[in-house]
Amino acid sequence: MHKPDEAAKPTKQQEIWQDLELGLFCHFGINTFNDKEWGDGTDDPDTFHPTSMDCLQWARTAKKAGFKYLILTAKHHDGFCLWPTKTTDYSVKSVTWRTGKGDVVRECAEACRQEGIHFGIYLSPWDRHEPCYENKADYDQFYLEQLKELLTGYGPLIELWFDGAGSEGRQYDWKKICDTVTEYQPDAMIFNMGRPTIRWVGNEDGLAPETCRNTASEARASMFTEDMLTWLPDTPKWVPAECDVPIRKKHWFWHPDDEGSLLSLEELMDIYYKSVGRGTNLLLNVSPDRNGLFPEADAERLLEFGDEIRKRFSKPIKTVEGPGKSLELMLEEPAYMDHAIIMEEISEGERIKEYKLEAGQSGKWIELARGTSVGHKKINHFDRIMASRVRFTVLSCENQPLIRSFSVYHTGVEL
């Protein structure tokens, strides 16, 4: 009988998604204009009135910071739709903004295409405005119609983000939902619900556990329950994690006078090490304000974050690759180093269970770090050392390890 990790391999679409590593979440909607996180569906739609919305600013900032995809809240729990849906009047077609002819989803999708980053959509299953929500059959059909509009009207999508918040205990027709995604957007990732191809990491702090494998049979539904989801029987074994976190502490939508909650660069880098550096993707939320723009402070922090990642990790001292339980990296001359990054060749699965890193110095090996899972990427930090040889040794594995890359760096950063 196969062990789960032996049999599990990613699809080509999952490999592409995992290589993206950094995604930007954009919570924008009627909540933005009513100083709310969770609207109850009763806010006047005409309060939605961005004065100078520029989705190109969002996409350009994301791209400049090194982010590879952007996910927009097309509909949050309040039920207000950022596209002119045929399913409800509670949408941008019922507002004075752009005389009811606006379509935020379209503008955002086109901006992402123009900037060469992927576009994804968040569509809340929970709908606090729609009267038919209380009738399961009617709402399932309503939701499918909304989903089909988004799947067919806005070009290729990288991800469909299905939030479990507010839906604890509610059963939707996930088979039809996921079959519809597969029919119209076969390359799109499905987040956490139904038949997911990626899972929620289990917190909104952007932090993966030290051991975070790509295989799973269940995940938490939301922040508001300890219950684990029951996925459809044909859910793949390979279900990598995505870590979501807002750039302003605990606030997903923009709020006035909230700049003090902006995460510091040091906090963002810690999150990066504990998300991307533990093999997951990071989905960092930056919210447009009532102008429809990223606030200057948030945009600057995002760009600083991207710059710092590049500063530390764009130029390895040396990189090697290959199969086997031991890889040695040899330099022509001794050099200072303080980080090592290991990546498995995940197209053949995740095989490493435990490893160690050592530096060769004065005829002996000095241990630098130990770890468990590697998967897509593992960032190891250690005290600065000068060495000409570094050895990566697999202590426990299933099948022969295949190393996509093993690199060492000198960042000059003390953590």
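Everything here concerns the structure above.
Residues numbered from 1 in each chain as written. Predicted model: local features only at pLDDT ≥ 70, side-chain atom pairs only at ≥ 80, totals over all residues. Heavy atoms only, no water.

A. Spotlight on the packing of aromatic side chains. Here the structure, examined in full by the defined rule, presents 30 aromatic pairs. Between the aromatic rings of tyrosine 133 and tyrosine 139, the centroid separation amounts to 4.8 Å while the plane-to-plane angle is 70°, which identifies the pairing as edge-to-face. Neither residue differs from the other here; tyrosine 133 and tyrosine 139 are each classed as buried. Members of the aromatic cluster, connected to one another through ring pairs, are Phe28, Phe33, Phe48, Trp58, Phe80, Tyr90, Trp97 and Phe294. Above the plane of the ring of tyrosine 133 lies arginine 170, whose end atom (NZ or CZ) is 4.1 Å from the centre. (Phe/Tyr/Trp six-rings, centres within 6.5 Å; stacked < 30°, edge-to-face > 60°. Buried < 20%, exposed > 50% of the residue type's maximum accessible area, 1.4 Å probe, protein only. Lys NZ or Arg CZ within 6 Å of the ring centre and 35° of its normal.)

B. How the structure looks around the sheet that holds strand β5 (residues 189-191). Ordered in space as β5-β4-β3-β2-β1-β8-β7-β6, the eight strands form an open sheet in which the pairing is parallel. For this open sheet the edge positions go to β5 and β6 (199-200), each flanked by a neighbour on one side alone. In this sheet, strand β3 (residues 118-123) lies alongside strand β2 (residues 69-75) in parallel orientation, the contact comprising six bridges. Each residue of the ladder has a partner; that of leucine 72, found in β3, is isoleucine 121. (Pairing = 2+ DSSP bridges. Helix = DSSP H or I, 4+ residues; strand = E, 2+ residues; numbered from the N terminus.)

C. Looking closely at the environment of alanine 387. Note on placement: alanine 387 falls in strand β13 (residues 378-397). Given the relative accessible area of 2%, alanine 387 is considered buried. Considering only alpha carbons, one finds alanine 387 and methionine 337, 50 residues apart in sequence, at a separation of 7.6 Å. Every residue in contact with alanine 387, bar those within four places of it in the chain, is listed here: Leu331, Glu333, Pro334, Ala335, Met337, Ala359 and Gly360. (Contact = heavy atoms within 4.5 Å.)

D. Seen up close, the pairing of strand β14 (residues 402-409). Here β14 lies mainly inside the structure; six of its eight residues are buried. By the bridge criterion, five bridges tie strand β9 (residues 318-323) to β14 in an arrangement that is antiparallel. Looking across to β14, one finds that proline 323 is bridged to leucine 402. Two elements, strand β10 (residues 326-344) and β14, share six bridges in a ladder whose sense is antiparallel. Note that in β14 the partner of methionine 343 across the bridge is serine 405.

E. Quick peek at the pattern of salt bridges. Applying the stated criterion across every chain yields a total of 31 salt bridges. Of the charged contacts, one joins glutamate 21 and lysine 377 as a salt bridge, the two residues approaching to 3.0 Å between their closest N and O atoms. You can see glutamate 21 sitting in the loop between α2 (12-20) and β1 (22-26) and its partner lysine 377 sitting in the loop between β12 (364-371) and β13, a full 356 residues away along the chain. For glutamate 21, a relative accessible area of 12% corresponds to the buried category. What makes lysine 377 buried here is its relative accessible area of 11%. (Salt bridge = Lys/Arg side-chain N within 4 Å of Asp/Glu carboxyl O.)

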